[in-house]
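Residues per chain are reported as follows:
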Amino acid sequence: MRSKRNLNTSDKKDDLQKRKESNLVEIEKRIEEAATQKRKESNLVEIEKRIEEAETSSDDFPFVSDFEDSENDDDETLTGDEGSSDESGSQESDLSVSEDEDAVQSSDDDEDDDNAASPHGDKDSVEDDNDSTVSKADEHDNDGVEDNTGGSDDSREVVEESDSSEDEVAPRNTIGDVPLKWYKDEEHIGYDLSGKKIKKKEKKSKLDSFLARTDDSKSWRKIIDEYNDEEVELTKEEINLIRRMMDSKAPHADFDPYPSYIDWFTWDGAKHPLSNAPEPKRRFIPSKWDAKKVVKYVRAIRSGQIKLDDKPKEEPKFYDLWGEASSAGRQGLAYIPAPKPKLPGHEESYNPSLEYIPTQEEINAYQLMFEEDRPKFIPKQYTSLRSVPAYEKAVQETFDRCLDLYLCPRVHKKRINIDPESLKPKLPSPRNLKPYPTTCYLEYRGHKGPVVTISAESTGQWLASGSKDGTVRIWEVETGRCLQIWDIGEPINEVEWNPELPVLAVAAGQDVFILKTSCGSDEHQKKIEDLLHVQPQVEADDSDTNESIVNWLPADTHGGIRLKHFKTVTKVEWHRKGDYLSTLMPSGESRSVLVHQLSKKLTQRIPFKTKGIHVSSAFHPTRSMFFAATKKDVRVYDLLKQKLVKKLEPGVREISSLAIHPGGDNAIVGSKDGKLCWFDMDLSSKPYKVLRCHGKDITSVAYHRSYPLFVSSSDDCTAYVFHGMVYSDLNQNPLIVPLEILRGHSSFDGRGVMDCKFHPRQPWLFTAGADSLIKLYCH
């Protein structure tokens, strides 16, 4: 019986426990439904009130953003109230459940007591007790519901906001402190607790994001959290905090960075100082560490490590706005300003002075000039500025300017401050280089036309000259007396004395005359007659080739030999031994240079292929070499080996004359552009010195046989005398010093000094001019 009773009581307890749990679930559901219904009604009422207030006061609020912010704030408060109500409702439900559990516990205790007191109690009494307990619990639950619904507003005001922060929320990303670029090309970003991939959110396109920003007025508050792959909206407090931090202020507005000082010590009534110790001795003794520091500074000043006199450079307050040095302080890449165009002058004026306006003859002369030498602007005169037409070359000049700026490179040129005097070569004074010709001593008059050529006899006693009037004259040098005259009948091109005998070679037209003169002793005259005798059978014995080149004929009229050539002869040159004679025919092509042997009466051409038009020729003074000058270069041939030895390239427009130094290792070349080139043949085939001394064509150049002098004559009616010392030491370059400019001839038909020759023994100079005069300059 006892065991059966115990089973009945345990079954009753189980049934009672199940009923309690079901009652608790139903109570919680009722409480939640009542609370949500109450909140919905209150929220609807408040929203309607605010909408009405907004409609009535829309005119007073011109800015919609303020109204939206206020509405957002209201929404935030509403959500906060809902959260507080939820929290209060849950608290009350917990209280009601605890009270029910206490009531059930008390009923269980009473029932046990009853069962213990009356072991024979029946089942009905237990059921009645359970019903009463359940009814009490129901009443208590209803009371709790009424309290919850009725006091929702009070609980919303009392409950404070939660102190929880976003840092306490577990991050969505579970990869840790791994760089996000590792997952850049992946579709997931980490793994969850179950090991599944956390998919990335699909990113919006730029168009969708733009449309979303335009539709959403709060888009400026939203930021993307790349770590958690979320879009976060900033609150007002967070925005204010960010703004304060950007303004370098404290993040919180209630923080005072400069609080007032609070003196925690009370000085009132203090009778004694904080410390009454006597002054230490170290305060009255100089510091040894300060002394060491002073000594260190003194040594640094003496050694120059510390400079006290250097003052910082003061930058100028004013600068040249239009100066070229404005780009000096420019940083970054090297910037070179474009050169400024030339400013207009008086000739560009619309009403220039008469001196700037060219005449019609000058304008016609401009048309004959080269285009690069022609003036680009011709001044004109107008009555007023309104009558000035448009500049016809404006577009072209602007286009050329743009081309220059675009195509022409610009570089910085460092200006070096050098004294111009230091750049001049240190030359000896002309006073120390005397003697040399300086003044005109004598004039030889008698020719009626321009004197084209002159030649001094080897003894220096006689002078021969040839003119375009067709005459050849022999002059006595010291007296100026005309000794002998030959009338050739054609313009004379060249005269040249034989270096061994008083025999004169004259080139006129296509003939070369070898004339015997009355100069010299009787022995010389007899030797000359035997040398100049031409046998009648010589012409017949010659080969066909010699007949076609030149004919040796007696000159009965003038007394001598006549060499008949097939072209005009312009140059005659004797060999140093006096037996060979070279003639030059510029239009003779391959036979333009011929060599004649006077003793055998033979003629041959040089065994070399010549190129170009020859203008001059010369024998080497000591060796068996021959110089042939064309318009562009000078070729040196070896007559024994019959080959080309050297080619001298002066680099001038056109060669006009040639002279060989008596030593044979140097030469000078004159050109038609006024340049005089000195060649050191042992040094190079290029000019050692180029002297730009004359303004017009150089007609002749010559070396002195014994003095270190050389001269050049030009059509500008001047003759330049130079000192040209050639040293025997090959390591020392020749010394060239300009000495004197000789003037005195007048221009005739655009020609000036036609020829110049030195006296063979004295430092004298002979010049022949187009004014039919021959002048002798002495020292």
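Trainee: Let's hear about the overall build of the protein chain: which residues, and what values?
Mentor: Secondary structure summary: the protein chain contains 13 helices and 33 strands in total. Long-range contacts, defined as pairs at least 24 residues apart, comprise 50% of the intrachain contacts of the protein chain with a sequence gap of at least 6. Of the roughly 53500 Å² that the protein chain leaves accessible, carbon and sulfur atoms contribute 51%.

Trainee: How would you sum up the sheet that holds strand β31 (residues 753-758)? Please name residues and give values.
Mentor: Spatial ordering of the open sheet is given by β5-β33-β32-β31, a layout of four strands whose pairing is antiparallel. What marks the edges here is a single partner per strand, and that holds for β5 (439-444) and β31. Strand-to-strand twist in this sheet, taken as the mean axis angle between neighbours without regard to direction, amounts to 25°. By the bridge criterion, five bridges tie β31 to strand β32 (residues 765-769) in an arrangement that is antiparallel.

Trainee: Which residues make up the sheet that holds strand β10 (residues 492-497), and what are the values?
Mentor: As summarised here, the arrangement of the five strands in space is β10-β11-β12-β14-β13, forming an open sheet in which the pairing is antiparallel. The sheet is open, and its two borders are formed by β10 and β13 (550-555), each paired with just one other strand. Ignoring which end each strand starts from, the neighbouring axes of this sheet average 20° apart.

Trainee: Tell me about the pattern of salt bridges, and please be specific about residues and values.
Mentor: Evaluated as defined, the whole model comprises 16 salt bridges. Among the ionic pairs, Arg 283 bridges to Glu 279, the shortest N-O distance being 2.5 Å. Here Arg 283 falls in the exposed class, since its relative accessible area comes to 56%. Note that Glu 654 and Lys 631 form a salt bridge whose closest N and O atoms lie 3.7 Å from each other. A residue pair is termed long-range when its members are at least 10 positions apart, and Glu 654 in the loop between β22 (643-648) and β23 (655-660) and Lys 631 in the loop between β20 (625-630) and β21 (634-638) qualify at 23 residues. If you follow the salt bridges from partner to partner, you end up with Glu 443, Arg 445 and Lys 775 in one network.

Trainee: Residues and numbers for the nonpolar core, please.
Mentor: Ranked by size, the top nonpolar core spans 22 residues in total, and within it Ile 514, Ile 561, Leu 563, Leu 581 and Leu 598 carry the most contacts. Contributing elements (two or more residues each) for this core: β11 (503-508), β12 (511-516), α11 (522-531), β13, β14 (560-565) and β15 (571-574). Per-element tally for this core: the top contributor is β11, with three residues. If near-sequence neighbours (up to four positions away) are discounted, Ile 561 is found in contact with Val 512, Phe 513, Ile 514, Leu 531, Leu 532, Val 534, Trp 552, Leu 553, Ala 555, Leu 598 and Lys 601.

Trainee: Give a detailed account of unusual backbone geometry, specifying residues and quantitative values.
Mentor: With omega at 15°, the peptide bond leading from Lys 434 into Pro 435 counts as cis. Residues other than glycine seldom take positive phi values, yet Lys 601 does so here, at roughly 60°. Its place among the elements puts Lys 601 in the loop between β17 (593-597) and β18 (602-605). Using a relative accessible area of 9% as the deciding quantity, one classes Lys 601 as buried. The phi angle at Asp 749 is positive, at roughly 55°, despite the residue not being glycine. Summarising the element assignment, Asp 749 is placed in the loop between β30 (735-743) and β31.

Trainee: Residue-level account of the pairing of β18, with values.
Mentor: In terms of strand pairing, β17 meets β18 through four bridges, oriented antiparallel. Residue pairing in the sheet places Leu 594 in a bridge with Arg 605 of β18.

Trainee: Explain a nonpolar patch on the surface residue by residue, including any values.
Mentor: A grouping of Tyr 297, Ile 301, Ile 306 and Leu 308 is seen on the molecular surface, where their side chains present a nonpolar patch of about 380 Å² in accessible area. Turning to its location among the elements, Leu 308 is positioned in the loop between α7 (288-303) and α8 (360-368).

Trainee: Can you tell me about the state of the cysteines, naming the residues and giving the values?
Mentor: According to the stated counting rule, one finds zero disulfides in the structure shown. With no disulfide of its own, Cys 778 has Cys 440 as its nearest cysteine by sulfur position, at a separation of 8.4 Å.

Trainee: Talk me through the environment of Ile 485; I want residue IDs and the actual numbers.
Mentor: On the secondary structure map, Ile 485 appears in strand β9 (residues 482-487). Since its relative accessible area comes to 45%, Ile 485 is described here as partly exposed. When residues no more than four places from it in sequence are discounted, the contact partners of Ile 485 are Thr 471, Val 472 and Arg 473.

Trainee: Give a detailed account of the environment of Pro 450, specifying residues and quantitative values.
Mentor: Mapped onto the elements, Pro 450 comes out in the loop between β5 and β6 (451-456). Apart from the residues within four sequence positions on either side, Pro 450 is in contact with Ser 467, Lys 468, Phe 748, Gly 769, Ala 770 and Ser 772.

Trainee: Describe in detail the packing of aromatic side chains, supporting the description with residues and values.
Mentor: Applying the stated criterion across every chain, the model contains nine aromatic pairs. On the basis of an interplanar angle of 10° and a centroid distance of 4.9 Å, the ring pair of Phe 710 and Phe 722 is categorised as stacked. You can see Phe 710 sitting in strand β28 (residues 709-714) and its partner Phe 722 sitting in strand β29 (residues 718-725), a full twelve residues away along the chain. Summarising the burial analysis for this pair, Phe 710 and Phe 722 share the class buried. One aromatic cluster in this structure is built from Trp 678, Tyr 703, Phe 710, Tyr 720 and Phe 722. Just above the ring of Tyr 688 sits the side chain of Lys 689; from NZ or CZ to the centre is 5.6 Å.

Trainee: Run through the pairing of strand β33 (residues 774-778), naming residues and quoting values.
Mentor: The buried fraction of β33 is high, at five of five residues. In this sheet, β33 lies alongside β5 in antiparallel orientation, the contact comprising five bridges. When the bridges of β33 are listed, Tyr 444 appears paired with Ile 774. Pairing of β32 with β33 involves four bridges; the strand directions are antiparallel. Residue pairing for β33: Phe 766 is matched across the bridge by Leu 776. In sequence, β32 turns back onto β33 through a hairpin of four residues, with Ser 772 there showing a positive phi of about 65°.

Trainee: Summarise the side chain of Thr 718; cite the residues concerned and give the values.
Mentor: Relative to the elements of secondary structure, Thr 718 occurs in strand β29. Side-chain polar atoms of Thr 718 contact the side chain of His 694, separated by 3.5 Å. Residue contacts for Thr 718: discarding those within four places in its chain leaves His 694, Ser 712, Ser 713, Ile 741, Leu 742, Arg 743 and Val 753.

Cut-offs used in this document
Residues numbered from 1 in each chain as written. Predicted model: local features only at pLDDT ≥ 70, side-chain atom pairs only at ≥ 80, totals over all residues. Heavy atoms only, no water. Helix = DSSP H or I, 4+ residues; strand = E, 2+ residues; numbered from the N terminus. Contact = heavy atoms within 4.5 Å. Areas by Shrake-Rupley, 256 points an atom, 1.4 Å probe, with all protein chains shown as cover. Pairing = 2+ DSSP bridges. Axes fitted to C-alpha atoms, helices over the stretch in contact; angles between N-to-C directions. Salt bridge = Lys/Arg side-chain N within 4 Å of Asp/Glu carboxyl O. Buried < 20%, exposed > 50% of the residue type's maximum accessible area, 1.4 Å probe, protein only. Core = buried A, V, L, I, M, F, W, Y, C linked by side-chain atoms within 4.5 Å. Patch = residues over 30% accessible without salt bridge, like charges linked within 9 Å, V, L, I, M, F, W, Y side chains within 5 Å. Disulfide = S-S within 2.5 Å. Phe/Tyr/Trp six-rings, centres within 6.5 Å; stacked < 30°, edge-to-face > 60°. Lys NZ or Arg CZ within 6 Å of the ring centre and 35° of its normal. Polar contact = N/O pair within 3.5 Å; in protein donor to acceptor, adjacent residues only side chain to side chain.

Everything listed here is a matter of coordinates, which is why it stays silent on function.
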